[in-house]
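# What the coordinates show
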There are 2 protein chains.
Amino acid sequence: MELSRTSPTKILLVVIDGLGGLPDPTTGRTELEIAGTPNLDRLAARGTCGLSEPVAPGVTPGSAPGHLALFGYDPVECNIGRGVLEAVGIGYGLQTGDMAARGNFCTLDDSGLVADRRAGRISTEKCTELCQLLDGMVIDNVRVTTLPVKEHRMVAVFRGNDLAPDLSDSDPQQVGVPPNPVKPLQPEADATAGIVNKFLAQAKARLAAHHSANMVLLRGFSREPGFPTMSEIYKLKPAAIASYPMYRGLAKLVGMEVLETGATMDEEMATLQQSYHDYDFFFLHFKGTDSAGEDGDFARKVKVLEQIDSLLPMATSLEPDVIVVTGDHSTPARLKAHSWHPVPVLLCSRWCRHDRVHEFAETACLSGGLGRIKATQIMPLAMAHALKLAKFGA
Amino acid sequence: MELSRTSPTKILLVVIDGLGGLPDPTTGRTELEIAGTPNLDRLAARGTCGLSEPVAPGVTPGSAPGHLALFGYDPVECNIGRGVLEAVGIGYGLQTGDMAARGNFCTLDDSGLVADRRAGRISTEKCTELCQLLDGMVIDNVRVTTLPVKEHRMVAVFRGNDLAPDLSDSDPQQVGVPPNPVKPLQPEADATAGIVNKFLAQAKARLAAHHSANMVLLRGFSREPGFPTMSEIYKLKPAAIASYPMYRGLAKLVGMEVLETGATMDEEMATLQQSYHDYDFFFLHFKGTDSAGEDGDFARKVKVLEQIDSLLPMATSLEPDVIVVTGDHSTPARLKAHSWHPVPVLLCSRWCRHDRVHEFAETACLSGGLGRIKATQIMPLAMAHALKLAKFGA
């Protein structure tokens, strides 16, 4: 955005994960419609509301595309690879040029055939111990970092020059066959394939005595995407306040400074208050709504929404010039999953044009002043209302 | 759509041709607003409504782009040639690689100049007889099929290898001049131009004794477009129930199975009931509304809408997982023609987010939960509500 310009105004983007819902059949009202949210409703009445389409009508977004869209990045163009996503999911700070792969510890039988792709689902503690055993190899000037995820799942990060991720998987995705050698899918990936195969040979040697987890299978090689940072695009100094690793990782991918914070929503709010003078853009993430939705727990989702509402004055008392409240996607408790339904969004600033929405909820937002927008349009709107966008054309 | 997946759910797409209208000046109400449609209104109340833009604001679609958009094909990218459209219009099953042209039987005078481009509008019976006279020539391994359309109008279909449709018309579009030789517009169309000119020479010889229709003029050479099928895109097993040839032909172009059915709406509904267990997607087409609109017959359009409404329980009693009711375009009786006005759309499924629309009509749909959508977005939305789309990104 060439129109971006620096100004002293501040933007607060509050992401209530999985915000949107579906009506409970008995009451005909959604989680957000049932929840008592006087502070959100007051903000909706003062601001302007609408509904946001994270990717496209009918498309259910994962967490990564849902958030990238909110940060203003085209979620289809900026789709990130599986290995990178796994590294992001544990909050690992990938650097430009890094290549990542998903891994499984597995069991090979005496003939070297895969007997169990999950090594009997070893404990996360065992996985951590095995990752320490493999960690830090240097092969042809490429350093390999191995990181535990959960149970048998791990991530391998390759750091060096000219790594090319166009590689086939070593994971054969079936048992009774040997692991595949990693093959280059483009001529320029020849050297990288050689490095990965050397890593796998050394890993096999180091793991030999650790039956059932006597080998590791890699898949989904991909490279840190090298997105332009939010500072480059918006001339902002952005900070992320999120307790879950996935969202910290996504914030790092777009160049936000990820602040240390506690696990509770109160602690996240406290972090916002403490750091408020040091940044001009804040991404504040609340996870509980999505978790409750995925568990199919309508009542808990209502309760988390009410908790967020009760904490909201801690943010509004800071008087940010623009406050946006929305979600990365809907997670209706009835569906127990992310969904394609558009997401309520409110934007409050002294430069808002008002609408007639006095309730922050799905049906009420249908008649809001923002209308139906793409999630990628939220950042330009926030920037405009913060008077951080220059005029286009003379 | 790489996200498509197979599931046991079923989608019913009801297309009420030319559905949208304009208010009658005396009552201020449209055809759909005047019509008593309790079943459609109940479906609108249970589901979610909106307005669909077939091509773009202000653009009046023909039947082909209107339907292709509803099937999820970009109507601008997937615009089909004139010759192909004419073949589709008579329901002829074109195969991949086929080339088609529109034809007119015409009158040549003694000097070989076009005296009447329509051969005095010969009868359809005469046209059929002359097409039989020309049908089945084989020229350089290309078989030419000639098919009557109506009065002097016919279609020529060329079937063979490597046919290139970049050809100029033989129809000079004026009288007092000779028919034009067909010329290649690209070097690779040289051979095809030669074949068409040989066909025209032989046609002239065979028609010599059939004054006034002693020649045929060809125009609009185009090739079967080779669209990916709906099965390929959506992993559906789709069936079309349409009594009019044009819509049967369009359904064939996107790979639907076209079911035998009768000419009345009751018979179409009966076909739906009989075939309901054999497919997971149904395109059910009703033509009467468009015909009444084109005739400028407001009252008849109202009556056809009421008939369709009264038949609707035959469809809803099958309990499809998703039912969509919309039109391919508007045909306001007051305009006596297709128009650019957006088209009401309703989508009903147990996974709908409700809105406040309780009437299926143009003005009521303005505040619907679907908002203003492109017609091409209807299929993704139907797929999503049928839980036939996987999540995008993790």
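A few points on the structure. Just so we're clear, the structure is a prediction, and the values are computed from it rather than from any experiment. (Residues numbered from 1 in each chain as written. Chains lettered and ligands numbered in written order. Predicted model: local features only at pLDDT ≥ 70, side-chain atom pairs only at ≥ 80, totals over all residues. Heavy atoms only, no water.)

Helix and strand content of chain A: 13 helices and 14 strands. Its C-alpha atoms give chain A a radius of gyration of 23 Å, within 12% of the compact-globule value 21 Å for 394 residues. For chain A, the spread of C-alpha atoms along the principal axes amounts to about 70 × 55 × 35 Å. In chain A, which comprises 394 residues, the share counted as buried stands at 58%. Put simply, 73% of the contacts in chain A that link residues at least 6 apart link residues at least 24 apart. Summing over all exposed atoms, chain A offers an accessible surface of approximately 15800 Å²; the carbon and sulfur share of this is 49%. One way to put it: in chain A the 38 positive side-chain charges average out to a point 2 Å from where the 46 negative ones average out. (Helix = DSSP H or I, 4+ residues; strand = E, 2+ residues; numbered from the N terminus. Rg over C-alpha atoms; globule rule 2.2 N^0.38 Å. Buried < 20%, exposed > 50% of the residue type's maximum accessible area, 1.4 Å probe, protein only. Contact = heavy atoms within 4.5 Å. Areas by Shrake-Rupley, 256 points an atom, 1.4 Å probe, with all protein chains shown as cover. Lys, Arg positive; Asp, Glu negative; His and termini not counted. Charge placed at Lys NZ, Arg CZ, Asp CG, Glu CD.)

Turning our eyes to something else, we now look at the sheet that holds strand β12 (residues 322-326) of chain B. Residues and elements named next belong to chain B. One open sheet holds the eight strands; their spatial order is β10-β9-β11-β1-β12-β13-β2-β14, and the pairing between them is mixed. Among the strands making up the open sheet, the edge pair consists of β10 (257-258) and β14 (371-374). Judged from the six bridges that link them, strand β1 (residues 11-16) and strand β11 (residues 281-286) form a sheet pairing that is parallel. Pairing of Ile 16 across the sheet is with Phe 286, part of β11. Strands β1, β11 and β12 of the sheet are contacted by helix α3 (residues 63-70), whose axis makes an angle of about 160° with β1. (Pairing = 2+ DSSP bridges. Axes fitted to C-alpha atoms, helices over the stretch in contact; angles between N-to-C directions.)

The interface is formed by 24 residues belonging to chain B together with 31 residues belonging to chain A. Interface area, chain B with chain A, both sides summed: about 2100 Å², of which 62% is carbon and sulfur. On the chain B side of the interface with chain A, the three residues burying the most area are Arg353(B), Phe392(B) and Ala394(B), jointly 39% of the side's total. There are zero salt bridges connecting chain B and chain A. Between the two partners, chain B and chain A, sit nine residue pairs in polar contact (both at pLDDT 80 or more). (Buried area = accessible area lost by both parts, 1.4 Å probe. Salt bridge = Lys/Arg side-chain N within 4 Å of Asp/Glu carboxyl O. Polar contact = N/O pair within 3.5 Å; in protein donor to acceptor, adjacent residues only side chain to side chain.)

This part is about the packing of aromatic side chains. All names here are of chain A. A complete count under the given rule lists twelve aromatic pairs over all chains for this structure. Taken together, a centroid distance of 4.9 Å and an interplanar angle of 75° make the contact between Phe 71 and Phe 283 edge-to-face. With Phe 71 in the loop between α3 (63-70) and α4 (82-89) and Phe 283 in strand β11 (residues 281-286), this pair connects stretches of sequence that are 212 residues apart. With respect to burial, Phe 71 and Phe 283 carry one shared label: buried. Where Phe 158 meets Phe 199, the ring centres are 5.7 Å apart and the plane angle is 80°; that geometry is what we call edge-to-face. Taken as a pair, Phe 158 in strand β7 (residues 153-159) and Phe 199 in helix α6 (residues 190-207) lie far apart in primary sequence, 41 residues in all. You can call Phe 158 buried: its relative accessible area is 0%. A connected cluster of aromatic rings, assembled from ring pairs, spans Tyr 276, Tyr 279 and Phe 282. Taking the ring centre of Tyr 276 as reference, the NZ or CZ of Lys 10 above it sits at 5.0 Å. (Phe/Tyr/Trp six-rings, centres within 6.5 Å; stacked < 30°, edge-to-face > 60°. Lys NZ or Arg CZ within 6 Å of the ring centre and 35° of its normal.)

This part covers the packing of helix α9 (residues 265-275) of chain A against helix α11 (residues 298-316) of chain A. Residue and element names in this part refer to chain A. Axis separation between α9 and α11 bottoms out at 10 Å; the angle between their running directions is 20°. By the angle between their axes, α9 is roughly parallel relative to α11. Regarding α9 and α11, the two cross each other, and that crossing is right-handed. Between α9, through Met 265, Asp 266, Met 269, Ala 270, Leu 272 and Gln 273, and α11, the contact on the second element is made entirely by Val 304, Gln 307, Ile 308, Leu 311, Leu 312, Met 314 and Ala 315. (Parallel < 35°, antiparallel > 145°, perpendicular 65-115°, else oblique. Left-handed = near helix turned anticlockwise from the far one by under 90°.)

Here we take up the pattern of salt bridges. Pairing is possible between side chains that carry opposite charge, provided their charged atoms lie close to one another. Throughout the structure, instances matching the rule amount to 28 salt bridges over all chains. One salt bridge connects Lys301(B) with Glu31(B), and the closest N-O pair in it is separated by 3.7 Å. Separated by 270 residues along the polypeptide, Lys301(B) in helix α11 (residues 298-316) and Glu31(B) in helix α1 (residues 31-34) bring together distant segments of the chain. For Arg300(B), the salt bridge identified is with Asp297(B), shortest N-O distance 3.6 Å. Arg300(B) sits in the partly exposed class, given a relative accessible area of 30%. Several salt bridges converge on common partners, so that one network encompasses Glu86(A), Arg102(A) and Arg153(A).

Moving on, we get to the environment of His358(A). Residues and elements named next belong to chain A. Position of His 358 among the secondary structure elements: in the loop between β13 (343-349) and α12 (362-365). Taking the C-alpha atoms as reference points, His 358 and Thr 192, 166 residues apart in sequence, are found 57 Å from one another. With sequence-adjacent residues up to four places away left out, His 358 is seen in contact with Asp 41 and Ala 45.

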